[in-house]
Protein chains: 2
Amino acid sequence: MIRLAIAEDHQSLIDGLTLLLKYEEGIQIVGTANDGDALLQLVKRKEPNVVVTDIRMPKMDGIQATKIIKKEYPHIKVLAFTMFDQEEAIKQMIRAGASGYILKNTSLKEVLNAILVVAEGKIYVDPNINVDGINPQKKDNRKGILTKRQMEILALIAQGKTSREIADELFIGLHTVDTHRKNMIRILGLKGKGELLRYALDKKYKF
Amino acid sequence: MIRLAIAEDHQSLIDGLTLLLKYEEGIQIVGTANDGDALLQLVKRKEPNVVVTDIRMPKMDGIQATKIIKKEYPHIKVLAFTMFDQEEAIKQMIRAGASGYILKNTSLKEVLNAILVVAEGKIYVDPNINVDGINPQKKDNRKGILTKRQMEILALIAQGKTSREIADELFIGLHTVDTHRKNMIRILGLKGKGELLRYALDKKYKF
DNA sequence: TTACAAATACCCGTTACTGGGTAATTTTAA
DNA sequence: TTAAAATTACCCAGTAACGGGTATTTGTAA
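As the structure is a prediction and not an experimental result, all values here were calculated from the model. (Residues numbered from 1 in each chain as written. Chains lettered and ligands numbered in written order. Predicted model: local features only at pLDDT ≥ 70, side-chain atom pairs only at ≥ 80, totals over all residues. Heavy atoms only, no water.)

**What to know about the relation of the copies chain A and chain B**
If you rotate chain A by 178° and push it 0.3 Å along the axis, it lands on chain B with an RMSD of 0.2 Å. In the structure described here, the two chain copies are related by an operation that fits a two-fold rotation axis. (Least-squares fit on C-alpha atoms with pLDDT ≥ 70 in both.)

Spelled out as structure tokens, the structure:
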């Protein structure tokens, strides 16, 4: 299930997209926003897995918003929804971590397709865009997605240790371990009780 | 760590065993009992993983006690501690699910060895015993250890479903799912929050 | 050296799961 | 058909984990 958030200062466009996607199976629109600030609030509250955002927006532009979203929630896919001939802005969106860029003068059907593509973790680039240096992905210095300490703790979680045991083993406080747990859950886009343990067991042999 | 329970109506023998095992690393004596009833209570309270029990005991004999223990806690290994020439009783112990049988006229050192052997899940039979039809293990009709319903629920647990979700999916009550969870934890000898999920994930592909 | 990331730690509240019971009903097998 | 096993369901209490904050210290890189 794709949980979609839309940010776009032209409400009419939002309405059009909403109309198209409302009855689309597998897509749930968790909210819309008319500016960057509102988008960030929306992401924080609803944690979508895909965000469609305009680049030029009031309060905070889509580039800045994307940077923040990708930093805090690297698993969220961002699809930039731009007007034509703003190649410099598009480049910045790429650097900010966007997974796709589609022009506003595209059919809504193609927009839907782009959403599905980026939701799968792939990159979607509008055929009409021709930017030379397109090298998305991998702009954060993190080796993986998690920090050293987080991986260390994840490994202990995989061993079935409780937060208390992990805290004692690493000579840190219980709260600290819980904080790391929560940060990892947020960063990895997990949810629910066992998800982190499931993830830990899955990745256990991949460190 | 072997958590050991001892049942034997001759307290002197218990004392001897305790003396031997007290400083043995890897073995913790969680309690002793002088009759079958007391043994069952002990097992229930302390959940040992290995039980050493006499066959002839007051109130309830070791055979009956073993049957009940193996039914409720199949993971617990039972080592019968018998006097010589009671072959019929030994056969019954086998059928009751004992993992080993050692004669009382054996050195305590050998008793220790027998405990270690059965704790590893292997079968220990005193060399001086010669019963023809020895076919231990597998006396419960259960295919595996769990029932159909329990495996069904375990599979859903492995998928990360909560009890609530599992209940809805199977059209049964939340309490029922929780009961199955608890029964599985008991039968499998697990403990702690994540253990059942870990077990479920481990066995997921082995159904 | 100064900003940013990482690691540390605490607060509050809620929920899912565990651990301890008990018990009725249905199914299966002896 | 009758005893045993399996499935269903509920009670109470405790705790680990989650979800949401905030905040300080310690690195590290610009």
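There's more to say after this.
**Considering helix α2 (residues 36-46) of chain A**
Residues and elements named next belong to chain A. Considered for burial, the residues of α2 that qualify are G36, L39, L40, L42 and V43. For α2, the angular spread of buried residues about the axis comes to 160°, placing them on one side. For α2, exposure combined with an orientation more than 90 degrees from the buried face picks out K44 and R45. The elements touched by buried residues of α2 are β1 (2-7), β2 (27-33), β3 (50-54) and α3 (62-72). At the N-terminal boundary of α2, the capping side chain belongs to D35, with an oxygen 3.0 Å from the backbone nitrogen of D37. Looking one or two residues past α2, E47 carries a phi angle of roughly 45°, positive in sign. (Buried < 20%, exposed > 50% of the residue type's maximum accessible area, 1.4 Å probe, protein only. Helix = DSSP H or I, 4+ residues; strand = E, 2+ residues; numbered from the N terminus. Arc of directions from axis to C-beta. Contact = heavy atoms within 4.5 Å. Polar contact = N/O pair within 3.5 Å; in protein donor to acceptor, adjacent residues only side chain to side chain.)

**So, the pattern of salt bridges**
Residues and elements named next belong to chain B. Across all of its chains, the model carries 18 salt bridges over all chains by this definition. Of the charged contacts, one joins K59 and D35 as a salt bridge, the two residues approaching to 4.0 Å between their closest N and O atoms. Remark: D35 occurs in the loop between β2 (27-33) and α2 (36-46) and K59 occurs in the loop between β3 (50-54) and α3 (62-72); sequence separation between them is 24 residues. On the accessibility criterion, K59 (70% relative accessible area) is exposed. Among the residues examined, D35 registers a relative accessible area of 12% and is labelled buried. (Salt bridge = Lys/Arg side-chain N within 4 Å of Asp/Glu carboxyl O.)

**Let's talk about the confidence of the model for chain A**
Residues shown with low pLDDT carry predicted positions that ought not to be read at fine detail. Residue and element names in this part refer to chain A. Counting all residues, the mean pLDDT for chain A is 81, and 88% of those residues have values of 70 or more. Ranking the elements of chain A by mean pLDDT puts helix α4 (residues 87-96) last with 78 and β3 first with 92. Residue range residues 133-143 is modelled with pLDDT below 50. Its contacts to residues more than four positions away, or to other chains, number 15 contacts. (pLDDT = per-residue confidence, 0-100.)

**Details of the interface of chain A and chain B**
A common way to state how big an interface is: give the accessible area lost once the parts meet. Listed as interface residues are eight residues of chain A and, on the opposing side, seven residues of chain B. Taking both partners together, chain A and chain B bury about 590 Å²; carbon and sulfur atoms supply 63% of that area. Taken as a group, L197(A), R198(A) and L201(A) account for 69% of the area that chain A buries against chain B, more than any other trio of residues on that side. Where chain A packs against chain B, one counts zero salt bridges. Taken together, chain A and chain B are joined by two residue pairs in polar contact (both at pLDDT 80 or more). Of all the elements in the fold, those that place two or more residues in the side of chain A that touches chain B are α6 (148-158) and α9 (195-203) of chain A. The element best represented in the side of chain A that touches chain B is α9(A), accounting for three residues. Its residues placed into classes, the side of chain A that touches chain B shows four nonpolar, three polar and one charged. (Buried area = accessible area lost by both parts, 1.4 Å probe. Nonpolar A, V, L, I, M, F, W, Y, C, P; charged D, E, K, R; others polar.)

**Regarding the side chain of S163(B)**
Tracing the chain through its elements places S163(B) in helix α7 (residues 163-170). If we skip the residues at most four places from it in the chain, S163(B) touches L174(B), V177(B), D178(B) and R181(B).

**Comments concerning the packing of aromatic side chains**
The full count for this structure, using the stated rule, is zero aromatic pairs over all chains. Sitting over the ring of Y73(B), R186(B) keeps its end group 5.7 Å from the ring centre. (Phe/Tyr/Trp six-rings, centres within 6.5 Å; stacked < 30°, edge-to-face > 60°. Lys NZ or Arg CZ within 6 Å of the ring centre and 35° of its normal.)

**Considering the sheet that holds strand β4 (residues 77-82) of chain B**
Residues and elements named next belong to chain B. Pairing in this open sheet of six strands is parallel, and the strands run β2-β1-β3-β4-β5-β6 from one edge to the other. Looking along the sheet, the strands with just one partner apiece sit at the ends: β2 and β6 (124-125). Sheet analysis places β3 next to β4, joined by five bridges and oriented parallel. Paired with V52 across the bridge in β4 is L79. Each of β3, β4 and β5 (100-103) touches helix α4 (residues 87-96); the most contacted strand, β4, lies at about 175° to it. (Pairing = 2+ DSSP bridges. Axes fitted to C-alpha atoms, helices over the stretch in contact; angles between N-to-C directions.)

**Observations concerning the pairing of strand β1 (residues 2-7) of chain B**
All names here are of chain B. Taking burial as the measure, the six residues of β1 include five buried ones, the bulk of the element. As paired elements, β1 and β2 share six bridges and run parallel to each other. When the bridges of β2 are listed, A7 appears paired with A33. You can see the chain leave β1, run along helix α1 (residues 11-22) and come back into β2, and the turn it takes is right-handed. One ladder, built from four bridges, connects β1 with β3; its direction is parallel. Residue pairing for β3: A5 is matched across the bridge by V51. (Right-handed = clockwise from strand over helix to strand, strands pointing away.)

**Considerations on the protein's contact with DNA strand C**
Taken together, the neighbourhood of DNA strand C is formed by 22 residues, with T147(A), R149(A), G173(A), S163(B) and K182(B) sitting nearest. Of what DNA strand C places within 4 Å of the protein, 66% of the atoms are sugar or phosphate. R149(A) is positioned such that a nitrogen or oxygen atom in its side chain is 2.7 Å from a phosphate oxygen of DNA strand C. R181(B) is positioned with one of its side-chain polar atoms (N or O) 2.8 Å from a phosphate oxygen of DNA strand C. The set of elements that each furnish at least two residues to the surface near DNA strand C consists of α6 and α8 (174-188) of chain A together with α8 (174-188) of chain B. In terms of residue count, α8(A) provides more of the surface near DNA strand C than any other element does, five residues in total. (Near = heavy atom within 4 Å.)

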